[in-house]
Amino acid sequence: MSAILPPAERVWWKEPLDRVELLWIVIALVWCLIMFFMMPYWHVYGQQNLANEAYKTSPEAFAKKADEVIAKYKVREEGPQKIPVVKPPAGSDVYLVARLWSWQPILELEAGKSYRIHLMSMDWLHGFSLQPENINIEVHPGYDHVLTVTPTAPGKFSIICNEYCGINHHTMISPLYVVK
Amino acid sequence: MAVNRNFRTCPTTGLVFHEPAEKLMRWNAVVAVVALLVGGVLAIGVLLTRWQAVHLLQADLFYQFLTAHGLNMLVFWIIFFEMAILYFASSTLLRCRLATPALAWAGFWLMVVGALLNNYAVLRGDSSVMFTSYAPMGAHPTFYAGLILFAVGALIACFVFFGTLVVAKAERTYHGSVPLVTFGAITAAIIAVFTIATGAIILIPTLLWSLGLIEHIDSLMYRTIWWGFGHSSQQINVAAHVSVWYAGAAVVFGAKPMSEKVSRTAFLLYIFFLQLASAHHLLADPGLTSNWKIFNTSYAMYLAVLASMVHGLTVPGSIEVAQRLKGYNNGLFEWLRRAPWGNAPFVAVFISIVGFGFLGGISGVMMGTEQLNLIIHNTLYVPGHFHATVVIGTTLAFMGLTYFLIPVLFRRKVAFGNMATWQAYIFGISMSGFSVFMMGAGTLGAPRRHWDISFAGNPFGYEFPATAWLMIALMGIFGVGALVGGAMYLAITVYSVFLGEKIQTPDFATVSAKRGMAPAPQPVAVGATGHGAGVGAWGMVAPGTFVLALVFLTSFVLYYFVNWKYLSTVWPLK
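None of these values were measured; they are calculated from a predicted model.

Caption draft 1: Local environment of the overall build of chain B. Counting its regular elements, chain B contains 15 helices and 2 strands. Computed over its C-alpha atoms, the radius of gyration of chain B comes to 24 Å, within 12% of the 25 Å expected for a compact globule of 574 residues. Counting only residues that meet the buried cut, chain B has 61% of its 574 residues in that class. Of the contacts made within chain B by residues no fewer than 6 positions apart, 84% connect residues no fewer than 24 positions apart.

Put into structure tokens, the structure is as follows:
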């Protein structure tokens, strides 16, 4: 009789379906399958996908590699804490260190060139959020996450932390420069 | 020990209440509302801080408020209320005695102690770790201990629910299959068992870690398992509030499910596939393959989304059929125009269905798409989405159910006349605006859980687009509306329950357990009813609902591809 009483028909599973339900189920199922296949499709034909490349490593090992890159390609320092700015050659491996509550180094990249950016945290979880592009990636301690990034247009961008990481979470921000 | 078999029949609805079950329902509902009150007060601080024009609280207090707001709303308010629903859907709907009331009380008090302990941990100030408490960010041990106690209590309640089903079957208090609403509640309880087990798997080691007994908790392991608890608990809500939708349609319209087969299969799909969805929180994480992400985030090809789309059609569809059978059979939408727009439970359930589908459902699929997640992850879009699902979907449905339960369960009239109806409109519409503008700000990159997006005083500041600021301001305004709606609910509920006009039930007398065992109530006679034959148009019994469903689908498809278009403009990444 109603949804709060036992079904009136004892053999309810043999009752025929109304056309409206059947039609809707078919339409919804087709749409669900389209949505499902969009994801593999984008891996083949789309430009924006996360790599499946990640390595387990220690904060010390990661920091060491980051320091080597900084020593090699440092062009200047910025801000009151004198954070190094590095300008690595196209195609090279770049290490971006996230820690409470800063990003290091500041990157200066060339538009149209690709870079292998390694993301890792030294302590807690952080969130890599590139603005105003709005690319957002989780940054874990102990997992070196490799992304091949190709900046499209020159300009000043910002990396803000968007995974809550304690009391000064909102101060964790760094510029990222893209030059011609 | 004699089994208490005292029952009371509600004179207006004919529902049968078992005395111990009724008391448990009342207490669970009352504690739930207390948690809602606490969460609501905290919401004021959270909202007025994120609304940058006001920026009320200091950073430490803000993060503390946000942590407690999340826990009291998402966990304590909703789960206490769900326990009341489980007892209602088993003991009351099956007209049977509650199994082991003493154990149920033990579960209840464990939940109360757990909730208090967890709130104490956050109140201390050293556990502002958010609802998610991602290790290696650590909280005070009482934070995890509170959650574990709460979860054990909830698990006990689930088993009391299952036990009650067994009692009903054994004592033959119903014929045939359980009602659809009970079936939905079983779905919720099965998902709850899985959820709580997952919670134990991650929270127990984390508790030991916080006590220094375990050295290391891997952040990726924590997130992977924790979301099996954190997301799955929201799936309990979905199963529960969809049941409440069906119950609402049944109570207000006497609506019969369009097809038991379809609705029950859709619930079954929830059990099979909803759990996988916890993977969609990990789409932007390293160390998991795309194959794993795609299979899981799509709930194995969106089979649980399919289930929600089915419920989204069958609930309004059953209302349409019921209305058409009553004679509102003209055109496509007479049934909707002539719906009881002044009836608070109906309005709440209606806005809940529409808001959950259009705002919560569609946005949820966006976030859960592997690549689209890149432009959404951890932005304000995320809380925008879940305020649409959990607040408009679940909380508003529960509010509607409250207005039905106050007279039935508490035997008091709903106070303040039409205010309950106004409450449903104000809360539903404000919360919809709030969610939409929050998602808008998120689309423009504004982060969630962030004290100050103006980055005042920071040498490396970033200025969000003016539109984002406008969205935040609109979010603030609609948020205040939602707070007003929430306060109205609390005022109506608390006043009605404690001071409301009593409904006299002439035949009612409490029979003490000592005076012997009354016979179990007689099963309901099985009456034959026809399907909605002879109504509708185009060979469909619910053509109006079908048109609305197509409107929904069109918005879904358009918005889905708009997001792909937007994604295609950001930096290439691989």
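Caption draft 2: The overall build of chain A, seen in detail. Within chain A one finds 2 helices and 12 strands. Its C-alpha atoms give chain A a radius of gyration of 24 Å, clearly above 16 Å, the size a compact globule of 180 residues would have. For chain A, the spread of C-alpha atoms along the principal axes amounts to about 80 × 40 × 30 Å. Each of the 180 residues in chain A was classed as buried or not, and the buried ones make up 44%. Restricting the contact set of chain A to residue pairs at least 6 apart, pairs at least 24 apart contribute 55%.

Caption draft 3: Molecular detail of the sheet that holds strand 7 (residues 115-121) of chain A. Residue and element names in this part refer to chain A. With mixed pairing, the 5 strands of this open sheet are ordered in space as 1-10-7-4-5. With one partner strand each, in any of the chains shown, strand 1 (54-56) and strand 5 (102-104) form the two edges of the open sheet. In this sheet, adjacent strand axes meet at a mean angle of 20° when their direction is disregarded. Strand contacts of helix 2 (residues 59-73): strand 4 (93-99), strand 7 and strand 10 (143-149), with the helix running at about 125° to strand 4, the strand carrying the most contacts.

Caption draft 4: Broad picture of the interface of chain B and chain A. Each side of the interface is counted separately: chain B has 93 residues, and chain A has 77 residues. Put simply, the parts of the chain that give the side of chain B that touches chain A at least two residues each are helix 2 (59-92), helix 5 (180-210), helix 6 (219-253), helix 7 (260-273), helix 8 (290-297), helix 9 (299-325) and helix 15 (543-568) of chain B. Classifying every residue of the side of chain B that touches chain A gives 57 nonpolar, 25 polar and 11 charged.

Caption draft 5: Seen up close, the environment of valine 347 of chain B. Residues and elements named next belong to chain B. Inspection of the secondary structure puts valine 347 in helix 11 (residues 344-367). A residue is classified by how many C-beta atoms lie within 10 Å of it, and valine 347, with 26 of them, is buried. For valine 347, the contacting residues outside a window of four places in its chain are Trp341, Thr421, Ala424 and Tyr425.

Caption draft 6: Region of the structure containing helix 12 (residues 381-409) of chain B. Residues and elements named next belong to chain B. At tyrosine 403, helix 12 shows its largest kink, close to 30°, and the proline proline 407 lies no more than four residues downstream. Counted residue by residue, helix 12 has 27 buried out of 29 residues, so it is predominantly covered. Arginine 411, located one to two residues past helix 12, shows a positive phi value of around 55°.

Caption draft 7: Highlighting the pairing of strand 3 (residues 83-86) of chain A. Residues and elements named next belong to chain A. Bridging between strand 2 (residues 74-78) and strand 3 involves 4 bridges; their strand directions are antiparallel. By the bridge assignment for strand 3, glutamate 77 is matched with proline 84. As consecutive antiparallel partners, strand 2 and strand 3 are separated by 4 residues, and within that stretch glycine 79 has a phi angle of approximately 80°, a positive value.

Caption draft 8: Structural detail: the packing of helix 2 of chain B against helix 6 of chain B. Residue and element names in this part refer to chain B. Look at helix 2 against helix 6: their axes get within 11 Å of each other, and the N-to-C directions meet at 50°. When the interaxial angle is binned, helix 2 and helix 6 end up oblique. For the pair helix 2 and helix 6, the crossing hand works out as left-handed. Across from Ile78, Glu82, Ile85 and Ala89 in helix 2, the residues of helix 6 making contact are Ile236, Asn237, Ala240 and Ser243. In terms of residue class, the contact of helix 2 with helix 6 is built from 5 nonpolar, 2 polar and 1 charged.

Caption draft 9: Inspection of the sheet that holds strand 9 (residues 135-139) of chain A at higher detail. Residue and element names in this part refer to chain A. As summarised here, the arrangement of the 7 strands in space is 2-3-6-12-11-8-9, forming an open sheet in which the pairing is mixed. Only two strands of the sheet have a single partner each, and these edge strands are strand 2 and strand 9. Shown here is a sheet whose adjacent strand axes are inclined to one another by a mean of 25°, direction ignored. Lying on the sheet, helix 2 is in contact with strand 2 and strand 3; it crosses strand 3 at an angle near 70°.

Caption draft 10: Just unusual backbone geometry, in detail. The step from leucine 100 of chain A to tryptophan 101 of chain A runs through a cis peptide bond, and the omega angle for that step is -10°. Note that tryptophan 101 of chain A resides in the loop between strand 4 and strand 5. Between glutamine 131 of chain A and the following residue, proline 132 of chain A, the backbone shows a cis peptide bond with an omega angle of 0°. Residue histidine 55 of chain B is not a glycine yet carries a positive backbone phi of 45°. Note that histidine 55 of chain B resides in the loop between helix 1 (19-50) and helix 2. Within the chain, phenylalanine 455 of chain B stands out as a residue other than glycine whose phi angle is a positive 50°. Positionally, phenylalanine 455 of chain B belongs in the loop between helix 13 (419-443) and helix 14 (466-499).

Caption draft 11: A look at the confidence of the model for chain B. Averaged over all residues, the pLDDT of chain B is 92; the fraction at 70 or higher stands at 94%. Here residues 513-517 of chain B is modelled with pLDDT under 50, and outside its nearest four sequence neighbours on either side it reaches 6 contacts, counting other chains as well.

Caption draft 12: Representation of helix 11 of chain B. All names here are of chain B. In this model helix 11 runs 32 Å from its N-terminal to its C-terminal C-alpha over 24 residues, within 8% of the 34 Å that 1.5 Å per residue would give. At phenylalanine 356, helix 11 is deflected by roughly 35°, the largest bend along its length. For helix 11, the tally of buried residues reaches 22 of 24 residues, placing the bulk of the element in the interior.

Caption draft 13: Here's a closer look at the environment of alanine 304 of chain B. Residues and elements named next belong to chain B. Tracing the chain through its elements places alanine 304 in helix 9. According to the C-beta neighbour criterion, alanine 304 is buried, with 24 such atoms within 10 Å. Placed 30 residues apart in sequence, alanine 304 and leucine 274 show a C-alpha to C-alpha distance of 5.6 Å.

Caption draft 14: Highlighting the packing of helix 11 of chain B against helix 12 of chain B. Residues and elements named next belong to chain B. Where helix 11 contacts helix 12, the axes come no closer than 8 Å and their chain directions differ by 160°. Classed by the angle they form, the pair helix 11 and helix 12 counts as roughly antiparallel. Crossing angle aside, the handedness with which helix 11 passes helix 12 is left-handed. Its residues assigned to classes, the contact of helix 11 with helix 12 comprises 18 nonpolar, 10 polar and no charged.

Caption draft 15: Looking closely at the pairing of strand 11 (residues 155-161) of chain A. Residues and elements named next belong to chain A. By the criterion of burial, strand 11 is predominantly enclosed, with 5 of the 7 residues buried. Direction of pairing for strand 8 (residues 126-131) relative to strand 11: antiparallel, over a ladder of 4 bridges. For leucine 130, the partnering residue across the bridge sits in strand 11 and is isoleucine 159. Strand direction decides the pairing type here: strand 11 and strand 12 (residues 173-179), joined by 6 bridges, are antiparallel. The residue bridging serine 158 from the neighbouring strand is proline 175, located in strand 12.

Caption draft 16: Examining the environment of methionine 258 of chain B more closely. Take methionine 258 of chain B: it is sitting in the loop between helix 6 and helix 7. Taking the C-alpha atoms as reference, methionine 258 of chain B lies 62 Å from proline 459 of chain B; in sequence the two are 201 residues apart.

Rules behind the numbers
- Residues numbered from 1 in each chain as written.
- Chains lettered and ligands numbered in written order.
- Predicted model: local features only at pLDDT ≥ 70, side-chain atom pairs only at ≥ 80, totals over all residues.
- Helix = DSSP H or I, 4+ residues; strand = E, 2+ residues; numbered from the N terminus.
- Rg over C-alpha atoms; globule rule 2.2 N^0.38 Å.
- Buried ≥ 20, exposed ≤ 12 C-beta atoms within 10 Å, placed from the backbone.
- Contact = placed C-beta atoms within 7 Å.
- Pairing = 2+ DSSP bridges.
- Axes fitted to C-alpha atoms, helices over the stretch in contact; angles between N-to-C directions.
- Nonpolar A, V, L, I, M, F, W, Y, C, P; charged D, E, K, R; others polar.
- Bend = angle between axes of the 7 residues up to and from the residue.
- Parallel < 35°, antiparallel > 145°, perpendicular 65-115°, else oblique.
- Left-handed = near helix turned anticlockwise from the far one by under 90°.
- pLDDT = per-residue confidence, 0-100.
- Expected span 1.5 Å × (residues − 1).

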